[in-house]
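Descriptive analysis of the structure
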Amino acid sequence: IIKGWRDELLTVSGSFYDEDPPLLIERAAADHLGIQQYGVHLNGYIRNPDNGTVQMWMARRSDTKSQYPGMLDHLVAGGQPYGIS
């Protein structure tokens, strides 16, 4: 059984730029089918004013997430569903 159903379609095609994808699948099923997924990620960095070192902000996923609960994560991230331009 696939957990975390999102009602969000992903494109399955041979190219990221296909205008007319041959197949659309539910996002939650992509990992189970070995489908390559694309996403957008944002990380945050600061320079420590006391010693000048560069430090990275870290986020932690909710323990209730269906994928990788409680793990470290990007500050902002999201998959690229079908129909986004």
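Residues numbered from 1 in each chain as written. Predicted model: local features only at pLDDT ≥ 70, side-chain atom pairs only at ≥ 80, totals over all residues. Heavy atoms only, no water.

Digging into a nonpolar patch on the surface
Taken together, the side chains of Leu42, Ile46, Trp57, Leu75 and Val76 define a hydrophobic patch exposed on the protein surface, amounting to about 440 Å² of accessible area. Topologically, leucine 42 is positioned in strand β3 (residues 39–42). Of the residues examined, leucine 42 reaches a relative accessible area of 46% and is grouped as partly exposed. (Patch = residues over 30% accessible without salt bridge, like charges linked within 9 Å, V, L, I, M, F, W, Y side chains within 5 Å. Areas by Shrake-Rupley, 256 points an atom, 1.4 Å probe, with all protein chains shown as cover. Salt bridge = Lys/Arg side-chain N within 4 Å of Asp/Glu carboxyl O. Helix = DSSP H or I, 4+ residues; strand = E, 2+ residues; numbered from the N terminus. Buried < 20%, exposed > 50% of the residue type's maximum accessible area, 1.4 Å probe, protein only.)

Observations concerning the pattern of salt bridges
Should their charged atoms come close, side chains of opposite charge can pair. One pass over the structure, following the stated rule, counts 2 salt bridges. Residue arginine 27 pairs with glutamate 8 through a salt bridge whose shortest N-O separation is 3.2 Å. Here glutamate 8 lies in the segment before β1 (9–12) and arginine 27 lies in the loop between β2 (23–26) and α1 (30–33), a separation of 19 residues in the sequence. For aspartate 73, the salt bridge goes to arginine 61, with nearest N and O atoms at 2.9 Å. Pair noted here: aspartate 73 is in strand β7 (residues 72–73) and arginine 61 is in the loop between β6 (59–60) and β7, with a separation of 12 residues, a long-range link.

Examining the environment of glycine 70
Among the secondary structure elements, glycine 70 is positioned in the loop between β6 and β7. Taking relative accessible area as the criterion, glycine 70 reaches 16% and is therefore assigned buried. Linking glycine 70 and glutamine 36, residues 34 residues apart in sequence, is a C-alpha distance of 23 Å. If near-sequence neighbours (up to four positions away) are discounted, glycine 70 is found in contact with Arg60, Arg61, Ser62 and Asp63. (Contact = heavy atoms within 4.5 Å.)

Describing the side chain of glutamate 26
Tracing the sequence through the fold places glutamate 26 in strand β2. One polar contact links the side chain of glutamate 26 to the main-chain amide nitrogen of aspartate 7, over a distance of 3.1 Å. What glutamate 26 contacts, discounting residues up to four positions off in sequence, is Trp5, Arg6, Asp7, Glu8 and Leu9. (Polar contact = N/O pair within 3.5 Å; in protein donor to acceptor, adjacent residues only side chain to side chain.)

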